[in-house]
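Results of the structural survey
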Amino acid sequence: MWLGPEEVLVANALWVTERANPFFVLQRRRGHGKGGGLTGLLVGTLDVVLDSSARVAPYRILHQTQDSQIYWTVACGSSRKEITKHWEWLENNLLQTLSIFDNEEDITTFVKGKIHGIIAEENKNLQPQGDEDPGKFKEAELKMRKQFGMPEGEKLVNYYSCSYWKGRVPRQGWLYLTVNHLCFYSFLLGKEVSLVVQWVDVTRLEKNATLLFPESIRVDTRDQELFFSMFLNITETFKLMEQLANLAMRQLLDSEGFLEDKALPRPIRPHRNISALKRDLDARAKNECYRATFRLPRDERLDGHTGCTLWTPFNKLHIPGQMFISNNYICFASKEEDACHLIIPLREVTIVEKADSSSVLPSPLSISTKSKMTFLFANLKDRDFLVQRISDFLQKTPSKQPGSSTAGRKASVVDPAPEFLPASPEASEQPTSPSSPLSGRRGFCAQEVPTASQGLLKLFRRNSPVEDLGIKGAKEKMKEESWDIHFFEYGRGMCMYRTAKTRELVLKGIPESLRGELWLLFSGAWNEMVTHPGYYAELVEKSTGKYSLATEEIERDLHRSMPEHPAFQNELGIAALRRVLTAYAFRNPTIGYCQAMNIVTSVLLLYGSEEEAFWLLVALCERMLPDYYNTRVVGALVDQGIFEELTRDFLPQLSEKMQDLGVISSISLSWFLTLFLSVMPFESAVVIVDCFFYEGIKVILQVALAVLDANMEQLLGCNDEGEAMTILGRCLDNVVNKQSTSPPVPHLHALLTSGDDPPAQTDIFDLLKVSYEKFSSVRASDIEQMRFKQRLKVIQSLEDTAKRSVVRAIPGDIGFSIEELEDLYMVFKAKHLASQYWGSNHAATARRDPSLPYLEQYRIDASQFRELFACLTPWACGTHTPVLAGRMFRLLDKNRDSLINFKEFVTGMSGMYHGDLTEKLKVLYKLHLPPALSPEEAESALEATHYFTEDSSSEASPLTSDLDLFLPWEAQETLTQEEREGSGNEEGREKQGEEKGTSPPDYRHYLRMWAKEREVQKETIKDLPKMNQEQFIELCKTLYNMFSEDPLEQDLYHAIATVASLLLRIGEVGKKFSSRNSRKPGDSTPSGEQDGAAEEGVPPAREPQPPAAGDPQAKAGGDTYLGKAPQESQMVVEGGSGEGQGSPSQLLSDDETKDDMSMSSYSVVSTGSLQCEDLADDMVLVGGEARSPTAAARLGGTMDTDWCISFEQILASILTESVLVNFFEKRVDIGLKIKDQKKVERQFSTSSDHEQSGALG
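This one's a predicted model, so the numbers in the text were calculated from it and none came from an experiment.

1. Remarks on helix 18 (residues 610-624)
Taking 1.5 Å per residue, 15 residues should reach 21 Å; helix 18 reaches 20 Å between its end C-alpha atoms and fits that length. Summarising burial for helix 18: 15 of the 15 residues are buried, a large majority.

The structure is reproduced here in C-alpha cells:
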C-alpha cells in the first residue's frame, strides 16, 4: 500500500536492500523469508514487542536522492507480489520524469506530492466512516486481520500491549479486542503464540490479583483458562472486555448483533489511536448508566455532562454535582449519593435564563418550568455553549412550538402552548404530574370502562372515610400530611427534588391515595405515558380479537391473578387485566407473556388506571427488571446468582447449607419474579413494591437476605429442601402490615402452609428497617457489575442445555456418537453466528427467534452449508465440491425455505459417513436426481422448461416417504391448493409466520412433524426413481472428481470407466425392450400438457388419467407409492403443437416423466439412440461440465430421452469392482475433520508472503 512519505534517518538498520535505482530503494525486513537465522528471531521479537508495522509489511520502498542522507518511505507491502507491483509503477511512471529535474529538493517535493495524490485518489473510494479511524489504528486493524485471518467485516475496537501467561512464563505481545473476538499474538525468539477466543464462548471474565499473577485479567472458556497481565491501563481494558462480552451474551440471548450507533455525536476530530467503535461503545455505556440512574426511556441519549452546583431551597445550600443533558431531559446528580437528584423534562421548561455572575454565584443559569418551579445552577464551565445546546433541544421538543429568543439575558423562551388547541380549555397543557386532573390526559375509552380513569381499589373499596378507621386511619392521614409537606418543600411531579428525606418517607410507606402517582414518577413510567398519548388505546384496539400463543396463555392465567381480591372476582377487573396484558404482548412480541406478569399487573391495576398500569408494566419489563419476563427468565436467573453471591458474602455459614439443600434456586425465582407479591400477604408485599419503584432491585435482594437472616437458626437445623421451604414460606406468610387501611385480603399461600403453632408475626416495616441496617452496603453499581458476571454463567449454561436438548432430539440411528454430535453442533452454531457477525445474504439467518424450539433456533443457508460441507465431507471432489454441496443442501432443505437446521445437517453428514455401501450409494444417487440436481444442471435443452406445464410438474413422486423429497422445484411452486392442504407444505407455514400473533401458534405444526417422524418410513431401493442419461453422466462426473485425490486413483478410474460403459449398454438394452413392448398410439394433447400416469395393471391404451398428484392416496400421507416397482409403471406421453396436431409419442415410466428434466418438446423422440461406443470414457468426464445455452441446446438433440437406469442396476455393477466397494466402505473419522475445520475457521498467518485464502467463518 502507498504511504504518506515519512522521514527515515537510518535506512539500512534491520533492512536488506533488494533493488535500487537512482531515486528509489526496495528493501526487505532482515530475517524475513528463507533462512532468517538468529537475526530473524531477534528482529521478529523486536517487531512484536515494539508493535512495528514491519511485522505486517516486511517489504518497503524508500525514496532517496544521491546527496541526501534522508530517506522517505513511500510504500510498504505484505508480500513480494504487492511491493513489486508498486515498484514497477514507480519505474514506469516516475523515473523518466524525475531525471528531468535539476534540483534534488524539487525531486523530493514532486515525489511526495505524487504519492499524496495517489493516496487521496484511493481514499475517494473508501467508505466515509473508514476515515474516522486514525492511521495508526488502521495499521493495527490490518495487522489483526492478517495475523488472525479475519475477514473485512471484523472490526477492531482497540488493542493493548500485555503479557499472556503460558504456564508460569509471561509472553509479551499484543491483545486485540474485536467486536466478536479476543485475539493475542506474541513472537519471542522463535516461540510464537497465537490465540483467538470468540466472545460468545467466554464463560468467565474477571479482574483479580494473586501472588502468581499480579493484577491480571482472567478469561475462561469451556476448555481453557487464560491469564493476561502487565497492562498500562488494566481498568480501561477490562471495562472494554466486559462490554464486548456483554454484547456477545445479548446476541446469544436475543440475536441483537452489534450495531454501530449512528445517532451518537461525532467528535470534531478523531482521537489518536481510538477507533470510532471504541468511542461508540464508551458512549453506549454512558447512555445506559444515565438512563438507569434517572429511569429514563430507552431511546434517550446523553449529549454531555458538566460539573456544577444546584441551589436547593429546602436547606439553603449550593450542592455540588453533575448536570446531564440529553435530547429530552436535563438531570442533576449530587456528588454525595443521597443529597439530591433532579429530573427536568424539557417539555416542562418555559424559560432558560443566564443570570448575572457574581463572586458568590459564578456563571449562574436559571431554568423555570410550567409548575412554577425555578432551578438555579451555578459554577458552569461553558455556560454559553450549554445554553445553546439546551435551546437547540428545546426547539426540537415535540410538545411545543419552536422557541423564540427574547430580549435581555434570556437565552430562549419557549411558548408553553402545545402545537394544537384542544376543545377543552383545561386540557391545553400536558399534565405536569400524575396528580393533575385526569381530563388533561387522553385516557382509554373513558366513557365506556371505569378502569380507564381510576384504579380498581377506588372502585372496590368500602365507602367508609379514613376517619372511621381509628388508629390506622389516623396514621394514614399523618402519612398523607407528611407527603403534602414534602411536596410543598421539595416540589411535586417529575421535577421534585429527590433526597434522603424522600427515601425515608417511602420506607415509612406510601399512603394508598398517592401510591399510583408516586409509582409512575419513581419508575419513570410517567415520562413515557405523557410522551405517547393514545398509544395504549391504539394497542388495545389493534390487539382486540387477535389470537396468539400469548393470548392463549393470558386467558389461562387471568383467573389465577389474585383470585382472593374482590377486584378480580368479577369481569370488570378480569377484563382490564386482559386488555393490559394483551396490549403489552402485542407491543413486545419477544416477551409476549410470561407467568408472574399477571400477578404484578393485577397489583398495578389496583392503584392506577389501565393506561398507567400498562406503562408501569413497560417500565418493569423493559428497564427495571431486564430479561426477567422472557421465555427463559434469564434476568431472574441472573439475579438469583447475585443473591447466592450476596448470601456467601453476608451469611457465609448459611450459604453452604443452602447450597447443599438447593433452596436458593427454588425460592428466589418466585420471590423475584413477583416482587414477593405471590409469597407474602398483599398489604405487606405492596410496601416492598413501593421501595422497589424508588430503589430498584437492591431492595428485593436486601429483603431476601433479611428473611434468610431472620430464619438462620431454623434453616441451619433443616434436613431437606422441603423443611427449609416450609420454614421460609410460613415466615413470609406472617409478615404483616399493621398500618394498612384496606380490609385484609386472605392469602392463599398462607392457608396452605399454616400449622399448629404459627410463627411470630413480623411487621413489614421492621423487616425493611433490618434489611437497610444490615445489608444497605449493597450498591446499585455493584449489582450491575455482578449482573454481568452472572449473565455469562447463566447464558452459557442455557446454551449448554440447548446443545444437550438438540443432541437428544437427533434419532439414535444417525450413527454419530454424542461427543461427535456435540462437536458438530458447536461447528454448526459457529457458522450460524458468523452470519450475524459478518452479514449474510439471507435475512432469516441473521435473526434467531428464541421462542422457537432449540432445534430450529440455529439455521444456516446454502453458502454457509457449502463451507461446512467442503471441510467435513469424506467425498472431497476438488473444484466440483461446491456443486455437490449445493445438491446436498437442496436435498436436505425439505421445506424449501433455503435454510437447514442442525438435524437436517446431521442427517446429510450421516448419509456420507455411516451405513453400508448401499446406503452411501443411495445418498449419492439421490444427489443426482431432482430436487438435489437443479433444473439448470439437469436440462439438456432450453425448451425443456416449456414442456413441463403446471399439471405435469405436479406429478406425484414415486418416493414420497421423506416429505416429498424428490419433488422438483417447479412442482413446489405449482402444486394445486388441494395438494397444499394434503401435504401441509411450506406455504402454509409462511402464512403462519406472517400472521404470527393472529393465527394459531406454530407448536401444532411441530407436533404434526413429530408425529410424521414417528411413523415408520423405511425406504427400499425399489422406491428410488430411475435415472436418465443426463443425470447418469452427472453422477459419473462426480465419481471421477471424487477419486482424483485418492491414492488408488488409477485403479478407481479404470473401475468406474468399466462400470459406466456397462451401465450405458444396460440402459440401451432396457430402452429397446421398453420401446418394443409398449409403444401405442394416443390422442393428441395441446403442447405443454402431459397426461397422468396409468396405475399399475391398467392397459396403457386406456383414456389418460388425471394427474396422479390429485389422487387421494397420493395426497393422504406421502407413504403410498404409485406402482411397487417403478420399472413396471408406465405412462403415455404425447406432445404436439399448440394447434393440437399429433406427434410421435413415446412411453416413459412415471419416474422419468417426473424426474427427467432434460426432455424437449421439440425432440420428444431422439432420431437415433446414442450408441454405447459413441460415449467413450472421456465423454463421461466432459458430460456434466458447465455448458453454454447453445451447447445445451445442441446436446438436447443427441441426448437420449428414452434411456434410463435404475439404482439396482448401478449397485449391481459397482459390486463387481472390489476397489469401488472398498472406497465406499472405508471408515473416515469425522473428529479429525472437525478439528481441521476449527483450525480453518481461525487461520493463523505468520508468513506475510502467503496471502489469506479467503474470508473465513
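2. Observations concerning the side chain of Q790
On the secondary structure map, Q790 appears in helix 28 (residues 780-809). Here the side chain of Q790 touches E645 through a polar contact of 2.9 Å, side chain to side chain. Those residues in contact with Q790 that lie beyond four places of it in its chain are V638, G641, I642 and E645.

3. Observations concerning the pairing of strand 16 (residues 341-345)
Summarising burial for strand 16: four of the five residues are buried, a large majority. Between the antiparallel neighbours strand 15 (residues 329-334) and strand 16 lie six residues.

4. Focus on unusual backbone geometry
In the segment running from P930 into P931, the intervening peptide bond is cis, with an omega of 0°. Counting through the fold element by element, P931 comes out in the loop between helix 35 (917-926) and helix 36 (935-938). The residue S363 is not glycine, and still its phi comes out positive at about 45°. For S363, a relative accessible area of 21% puts it in the partly exposed group.

5. Brief notes about the pattern of salt bridges
With the rule as written, the count across this model stands at 36 salt bridges. Of the charged contacts in the structure, one is a salt bridge between R28 and E18, with a shortest N-O distance of 2.7 Å. In this pair, R28 is assigned in strand 3 (residues 24-29) and E18 in strand 2 (residues 15-20), connecting sequence segments 10 residues apart. R28 gets classed as buried once you look at its relative accessible area, which sits at 18%. Of the residues examined, E18 reaches a relative accessible area of 32% and is grouped as partly exposed. With a shortest N-O distance of 2.9 Å, R560 and D557 are connected by a salt bridge. Looking at R560, the relative accessible area reads 48%, which means it is partly exposed. What emerges from the salt-bridge pattern is a single network uniting R204, E206, E645 and K789.

6. Details of the sheet that holds strand 10 (residues 204-208)
Within the open sheet, the seven strands sit side by side as 9-8-7-6-12-11-10. Their pairing is antiparallel. Edge positions in the sheet fall to strand 9 (191-198) and strand 10, since each has one partner strand and no second. Neighbour-to-neighbour, the strand axes of the sheet open up by a mean angle of 30°, direction not taken into account. Note: strand 11 (residues 216-220) against strand 12 (residues 225-229), four bridges, orientation antiparallel. The residue bridging I217 from the neighbouring strand is F228, located in strand 12.

7. As for the packing of helix 12 (residues 512-523) against helix 22 (residues 682-695)
Their axes nearest at 8 Å, the elements helix 12 and helix 22 cross at an angle of 30°. Packed against helix 12, whose contacting residues are R515, W519, F522 and S523, the element helix 22 presents V686, V687, V689, D690, F693 and Y694 at the interface. Of the residues belonging to the contact of helix 12 with helix 22, the class tally is seven nonpolar, one polar and two charged.

8. Thoughts on the packing of aromatic side chains
Counting across every chain of the model gives 45 aromatic pairs. Aromatic rings pair up to connect Y825, F828, Y858, F865, F869, F889, F902 and F905 into one cluster. Against the face of W72 rests K112, its NZ or CZ located 3.8 Å from the ring centre. Over the ring of Y607 we find R515, and its NZ or CZ is 5.2 Å from the ring centre.

Cut-offs and rules
Residues numbered from 1 in each chain as written. Predicted model: local features only at pLDDT ≥ 70, side-chain atom pairs only at ≥ 80, totals over all residues. Heavy atoms only, no water. Helix = DSSP H or I, 4+ residues; strand = E, 2+ residues; numbered from the N terminus. Expected span 1.5 Å × (residues − 1). Buried < 20%, exposed > 50% of the residue type's maximum accessible area, 1.4 Å probe, protein only. Polar contact = N/O pair within 3.5 Å; in protein donor to acceptor, adjacent residues only side chain to side chain. Contact = heavy atoms within 4.5 Å. Pairing = 2+ DSSP bridges. Salt bridge = Lys/Arg side-chain N within 4 Å of Asp/Glu carboxyl O. Axes fitted to C-alpha atoms, helices over the stretch in contact; angles between N-to-C directions. Nonpolar A, V, L, I, M, F, W, Y, C, P; charged D, E, K, R; others polar. Phe/Tyr/Trp six-rings, centres within 6.5 Å; stacked < 30°, edge-to-face > 60°. Lys NZ or Arg CZ within 6 Å of the ring centre and 35° of its normal.

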